[in-house]
Amino acid sequence: MKKNGRILCVDDEPNIVRSLQWLLQREFEVHTASDGQAALALVGANDFDVVISDQRMPVMSGVELLREVRRLSPRTMRILLTGYSDMQAVVRSVNESEVFRFINKPWNISELPKIVAQAVKIARTQPAQAPIEEDGEMAAALADEASILVLDDNPGMAEAVTEAVGNGAKVAYTGNLAEAVGILNNEPISVIVSETRVGSIDATRLVRLMKSRHPEIVTIMLSDESDFETVTTLINQGQIYRFVPKPVRPGYLKLIVASALRKHVSLKQEPGLAGRHEVEATPAAVAASLVSDVQSVASQVAARNPGLAAGFLGSIGAGLRRLFGATAH
Amino acid sequence: MRFRLVRYFTVASLGVFGLVAGSLVYFEHQQGESFKQMKEEQSAFFGEVQQGFAERQDASARRDLLAIHEAGNVNLTRLFANALWSSDFQPFVARAQAIDVHQCRAMPDVPDASGRMTPPPEKKACFSEVGRQIMAIPGFAELDAKVYDAMKKSTVFKIKVFDLRGITIYSSEHAQIGEDKMTNAGWRGAALDGVAQSELTHRDTFSAFEGVVEDRDLISSYLPVLEPGSAKIVGVFEVYSDVTPFLQQIEATSAQIREVAEANQRRVEAAGVAGLAAIDEASNRQLAVVGGLLALLFVALLLIVRRADRIIVEQERDREHTHQQLTQSEKMASLGQMVAGVAHQLNTPLAFSQNNVLMVKDALQSMQYPMKVATRMSEILRDVDGDHVTLKVVRLKQNLDQLENGSVDVSMLQEMLTDVLDGINQMSELVVNLRDFTRLDRASTTRADLNKSLRTVAYIAKTVISKDIQVAEELTELPAVECNVSQLNQVFLNLINNAAQAIDGAGRIVVRTETDGNTVRVSVADTGKGIPKDVLPHIFDLYYTTKPAGEGTGLGLAIARDIVREHGGDIEVRTEVGVGTTFTVVLPACEAQTLPLAA
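Residues numbered from 1 in each chain as written. Chains lettered and ligands numbered in written order. Predicted model: local features only at pLDDT ≥ 70, side-chain atom pairs only at ≥ 80, totals over all residues. Heavy atoms only, no water.

Novice: I'd like to hear about the overall build of chain B, residue by residue, with values.
Specialist: Summing up its helical and strand segments, chain B has 13 helices and 14 strands in all. Taken over C-alpha atoms, the radius of gyration comes to 73 Å for chain B, far larger than the 25 Å a tight globule of 599 residues would show. C-alpha extents for chain B along the principal axes are approximately 235 × 55 × 45 Å. Sorting the 599 residues of chain B into buried and exposed places 37% on the buried side. The contacts in chain B between residues at least 6 apart in sequence include a share of 70% that link residues at least 24 apart. As displayed, chain B has an accessible area near 34,500 Å², and 57% of this comes from carbon and sulfur atoms. For chain B, the centre of its 60 positive side-chain charges and the centre of its 77 negative side-chain charges are spaced 2 Å apart. (Helix = DSSP H or I, 4+ residues; strand = E, 2+ residues; numbered from the N terminus. Rg over C-alpha atoms; globule rule 2.2 N^0.38 Å. Buried < 20%, exposed > 50% of the residue type's maximum accessible area, 1.4 Å probe, protein only. Contact = heavy atoms within 4.5 Å. Areas by Shrake-Rupley, 256 points an atom, 1.4 Å probe, with all protein chains shown as cover. Lys, Arg positive; Asp, Glu negative; His and termini not counted. Charge placed at Lys NZ, Arg CZ, Asp CG, Glu CD.)

Written as structure tokens, this is what we have:
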């Protein structure tokens, strides 16, 4: 039987490594390592399609290992496996390791091989991109085209972003989801800077759905308070670019917004790259709940501003249809 | 002992207030007494002054009376002498002088009952005889009549005339004629010195010109008789004049004055008494007001103190409540941390066991068809007698992929199941350790082997702390310790967690036990950053923490020390910044337990 993919499983628990090997060896060429150093040695010697690593290991954590893997072998897809709800680890897995998936132990034995297969396919078919340097330099060439949507209850965040990008991009701000849908419908948005909750409504759904329909949009999540579950979902279903707990230092904001803009440029110039950020399907029920929330927010906004009611509601409806396809009605 | 604020305040303040009230009453009383005394002295002085004034007034009235009457008598005598001396008395005196009185005078005086020398009756009789001779002198009756006429209806009650020998040569009371007055001070003053002598006397009965009078005040004056036209004393008059009405007037005036003085005195005394009463009343009122104010002050202070006491008690209760809540939340936090660690620890064996069991299940599923084929084959083989069998394999060939899928490596399945057993062992080990850690199934205190506890605690701790930190156990055999195992486990877990938090990155924690037979020493040493000098004195303080707000309650070590002290032990700490910290729990060993060991 032809093995269609070379993968590396890393865990300090030998039983785990053995189990993964038994599970995956039928389809893939499975290599194993019990710590980060051994894994890096193997990565140096072999061209792996996928590296699956446990987070909690002595000496070198999974996040650190995958960050090195990303540096050493950009085409290798990275999957983090953990049994521990470690918020810091999951945030670092977004920001430092840019993992493809974040998987909790115990894993689903029918899903894991499919995810690995998907990752292998992407690794083999989609071009790899060298890591974007976070040097804070705005690419002048894209200034006229780039625009950033800031979605936050606090307008101060838009000011902070405007200050961070300077002339590098246009900044659109809104504090409600309906307007966000309107903006996304009317103009091409390069980067979304969003809070996880806007006006007490879960905004991560919009981010997830946007990424599934428009992979070239790069998303930065800023959050006052967030939980492990939310970030995991944002990785797997939203492929967010960065997750930053508030408060954000202005210098760091500038750094990540600049790097996000460049990421967007590269994704647009070479659409194949976006395949590397293929997301797990967002459940239909989530999309439906988002649509109904957006519509209720839209009608509230319309009720406050009777003047723009008819056109506004119509444009939101059209926006929903265009943005999320058949899910809108 | 509990400080009873209200009771102590009540006793102390009532005592002091009592003293204040007592001293006020005492001073008021003292003041009243001295005032009273002063009043009495004043009143006595005033009385004396009044009395003296009355007496002086009386005396001066009498003196005036005497002086006035003496002057009157002197004039009277002059008039009398001018009128009668040359014409009537001079010849009569000349004749009376001739009567010899020497033999009478020669008779000695005798002492009377009181020892005074008085003339004996024979002497008096002798002089009476002289008197009779004088009265026998012719012209006596005319003279007597003239004197009587001259003195009739006057205030002069009696007149006597003495010669210069001192013999009474005339008296309006005839019985007294012939009496010797030579030793009489009045006579001597008038006769020898020419000075009028007067005295005020009271007579119950007195023989006056016009008969005997009773109860009269009289002024008697001895007056020298000067020869008309010269200053030569020729005899002595004695004049008795009646001053009874004057004296009565004087006495009446004196009585009036005394009465007024007494009334004044009474008024002064009454005023004094009234004043004293008023002062007493005022001071009583003052005392009552001060007492009332003191009572009011006491009540106000008591209310304040009681309120303060209630507030203190409430605050104490609140503090206690907060402390309990924090203790509880600290417990819950460490429990939560432990549960998270345990969940993770459980997750690993769970993950691979589940994976393996599901894979074995799938493998068994895929083996179902090959097994059926094999079973059918064995049936066929049993029924065949010869060595050769002809099989129609068309259907088998159709299901070749099922057969191929079923060619599972059974030894691999066994390995998988062996791993599952391993996982189950790991999980049951965890369950046993958890049970040992909490010891919920044991009595609250028991004799325990701390080494066993420490192994459990170290196991539990390892599930939480970083895999970069090595936890080593250096345990020596220990005598049993009477303790609440669950509580001590909490202490040890806290110490190991603290040790882990002190280590950045990789490090090592050593859990060591030692004993000298009487005490057991459990130490937790880390290779962490150590405790700075300024922090060290506070590490056991309640609510003291160096962790960011919300991450530490500052109760961990405080509770740990409380628990250890309740066990009769203590916690020691030794630290060096940059090298590490060692916490040592010292606990008393069970004596009874050491006996069977020694036996």
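Novice: Can you tell me about the state of the cysteines, naming the residues and giving the values?
Specialist: Between two cysteines, a covalent bond joining their sulfur atoms is known as a disulfide. Residues and elements named next belong to chain B. One pass over the full model with this rule turns up 1 disulfide over all chains. The side chain of Cys 104 participates in a disulfide bridge whose partner is Cys 126; the two sulfur atoms lie 1.6 Å from each other. Taking the sign of the S-S torsion, -85° for the link of Cys 104 and Cys 126, the bridge is left-handed. Placement of the pair is Cys 104 in helix α2 (residues 102-106) and Cys 126 in helix α3 (residues 121-135), with a sequence separation of 22 residues. Judged on exposure class, the residue Cys 104 and its partner Cys 126 are both buried. For the unlinked cysteine Cys 483, the closest cysteine sulfur is that of Cys 590, found at 8.0 Å. (Disulfide = S-S within 2.5 Å.)

Novice: Lay out a negative patch on the surface with the relevant residues and their values.
Specialist: Residue and element names in this part refer to chain B. On the surface, Glu 33, Glu 40, Glu 41, Glu 269 and Asp 280 cluster together to form a negatively charged patch. Residue assignment for the negative patch shows that the elements contributing at least two residues are α1 (5-97) and α6 (244-383). When residues in the negative patch are grouped by element, the largest group, 3 residues, is from α1. Glu 269 gets classed as partly exposed once you look at its relative accessible area, which sits at 39%. (Patch = residues over 30% accessible without salt bridge, like charges linked within 9 Å, V, L, I, M, F, W, Y side chains within 5 Å. Salt bridge = Lys/Arg side-chain N within 4 Å of Asp/Glu carboxyl O.)

Novice: Report on the packing of aromatic side chains, specifying residues and quantitative values.
Specialist: Residues and elements named next belong to chain B. Going through the model one piece at a time under the given rule, you end up with 10 aromatic pairs over all chains. Measuring from ring centre to ring centre gives 6.1 Å for Phe 9 and Phe 298, while their planes differ by 5°; the resulting arrangement is stacked. Residue Phe 9 is found in helix α1, and its partner Phe 298 is found in helix α6; the two are separated by 289 residues along the sequence. Overall, Phe 9 belongs to the buried group, its relative accessible area being 17%. Exposure remark for Phe 298: the relative accessible area of 12% places this residue in the buried category. Summarising the aromatic geometry, the rings of Phe 206 and Tyr 240 are spaced 5.1 Å apart at their centres and angled 50° between planes, so their arrangement reads as tilted. (Phe/Tyr/Trp six-rings, centres within 6.5 Å; stacked < 30°, edge-to-face > 60°.)

Novice: Please give an account of the interface of chain A and chain B that cites residues and values.
Specialist: If you look at the interface, chain A gives 19 residues, while chain B gives 27 residues. Carbon and sulfur atoms supply 53% of the area buried between chain A and chain B, which totals about 2,100 Å² over both sides. The tally of links between chain A and chain B comes to 2 salt bridges. Two residues, Lys467(B) and Asp12(A), come together in a salt bridge whose shortest N-O distance is 2.6 Å. Our count for the chain A to chain B interface comes out at 14 residue pairs in polar contact (both at pLDDT 80 or more). For the side of chain A that touches chain B, the per-class residue count stands at 10 nonpolar, 4 polar and 5 charged. (Buried area = accessible area lost by both parts, 1.4 Å probe. Polar contact = N/O pair within 3.5 Å; in protein donor to acceptor, adjacent residues only side chain to side chain. Nonpolar A, V, L, I, M, F, W, Y, C, P; charged D, E, K, R; others polar.)

Novice: Tell me about helix α8 (residues 204-213) of chain A, and please be specific about residues and values.
Specialist: In terms of burial, α8(A) is a largely internal element, 8 of the 10 residues being buried. By the burial criterion, the buried members of α8(A) are Thr204(A), Arg205(A), Leu206(A), Val207(A), Arg208(A), Leu209(A), Met210(A) and Lys211(A).

Novice: Could you give an account of the side chain of Thr82(A), with specific residues and numbers?
Specialist: Along the chain, the position of Thr82(A) falls in strand β4 (residues 77-82). Thr82(A) has contacts with Asp54(A), Gln55(A), Phe102(A), Ile103(A), Asn104(A), Lys105(A) and Phe228(A), leaving out every residue within four places of it along the chain.

Novice: With reference to specific residues and values, describe the environment of Val248(A).
Specialist: Residue and element names in this part refer to chain A. Within the secondary structure layout, Val 248 lies in the loop between β12 (242-245) and α10 (250-269). Residues Val 248 and Ser 223, 25 residues apart in the sequence, show an inter-C-alpha distance of 9.3 Å. Ignoring sequence-local partners within four residues, the contact set of Val 248 consists of Leu 222 and Leu 253.

Novice: Account for the pairing of strand β7 (residues 233-242) of chain B, with residues named and values stated.
Specialist: Residue and element names in this part refer to chain B. Of all the 10 residues making up β7, 10 are buried; the element is thus mostly covered by neighbouring parts of the structure. One ladder, built from 6 bridges, connects strand β3 (residues 156-162) with β7; its direction is antiparallel. Among the inter-strand pairings, Val 156 is bridged to a residue of β7, identified as Ser 241. Sheet topology places strand β6 (residues 211-226) next to β7; 9 bridges connect them, and they run antiparallel. Across the sheet, the residue bridging to Val 225 is Gly 235, located in β7. (Pairing = 2+ DSSP bridges.)

Novice: With reference to specific residues and values, describe the pattern of salt bridges.
Specialist: Residue and element names in this part refer to chain A. For the structure shown, the criterion picks out 38 salt bridges over all chains. With a closest N to O distance of 3.0 Å, Asp 49 and Arg 124 form a salt bridge. Here the residue Asp 49 occupies a position in the loop between α2 (36-45) and β3 (50-54), and Arg 124 occupies one in helix α5 (residues 111-125), the gap between them amounting to 75 residues. Three or more residues joined by partner-sharing salt bridges are found here, namely Asp 47, Asp 49, Arg 75 and Arg 124.

Novice: I'd like to hear about the environment of Ser13(B), residue by residue, with values.
Specialist: Residues and elements named next belong to chain B. Residue placement: Ser 13 occurs in helix α1. Ser 13 sits in the buried class, given a relative accessible area of 8%. Placed 497 residues apart in sequence, Ser 13 and Val 510 show a C-alpha to C-alpha distance of 61 Å. Engagement of the side chain of Ser 13 in a polar contact is seen with the backbone oxygen of Phe 9, the distance being 2.6 Å.

Novice: Summarise the sheet that holds strand β1 (residues 6-10) of chain A; cite the residues concerned and give the values.
Specialist: All names here are of chain A. Ordered by their spatial adjacency, 5 strands build an open sheet running β2-β1-β3-β4-β5, and the pairing between neighbours is parallel. The open sheet terminates on both sides in strands that have one partner only, identified here as β2 (29-33) and β5 (101-104). Here the average twist between neighbouring strands, direction ignored, is 20°. Pairing analysis gives 5 bridges linking β1 to β2, with the strands arranged parallel. The partner of Ile 7 across the bridge, within β2, is Val 30. Against the sheet, helix α1 (residues 14-24) touches β1, β2, β3 and β4, its axis set at about 175° to β2. The strands that helix α9 (residues 228-238) touches are β4 and β5; relative to β5, the one it contacts most, it runs at about 135°. (Axes fitted to C-alpha atoms, helices over the stretch in contact; angles between N-to-C directions.)

Novice: Give a description of the sheet that holds β7(B) that names residues and reports values.
Specialist: Residue and element names in this part refer to chain B. Across the sheet, which stays open at both edges, the 5 strands sit in the order β4-β3-β7-β6-β5 with antiparallel pairing between neighbours. Looking at strand neighbours, the two that pair on one side only are β4 (168-171) and β5 (197-208), the edges of this open sheet. Across the sheet, the mean angle separating the axes of adjacent strands is 25° when strand polarity is ignored. α6 rests against β5, β6 and β7 of the sheet, and its axis sits at about 110° to β6.

Novice: Mind laying out α5(A), listing which residues take part and the relevant values?
Specialist: All names here are of chain A. When the terminal C-alpha atoms of α5 are compared, their 21 Å separation across 15 residues agrees well with the 21 Å that a helix rising 1.5 Å per residue should span. Among all positions of α5, only Leu 112, Pro 113, Ile 115, Val 116, Ala 119, Val 120, Ile 122 and Ala 123 are buried. Of the surrounding secondary structure, the elements contacted by the buried residues of α5 are β1, α1, β3, β4 and β5. (Expected span 1.5 Å × (residues − 1).)

Novice: Help me get a handle on the pairing of strand β14 (residues 580-588) of chain B, residues and values and all.
Specialist: Residues and elements named next belong to chain B. By the criterion of burial, β14 is predominantly enclosed, with 8 of the 9 residues buried. Where strand β12 (residues 519-526) lies against β14, 7 bridges are found, and the strand directions are antiparallel. Across the sheet, Ser 523 pairs through a bridge with Thr 584, a residue of β14. Where strand β13 (residues 570-576) lies against β14, 7 bridges are found, and the strand directions are antiparallel. Opposite Thr 575, over in β14, you have Thr 581 as the bridge partner.

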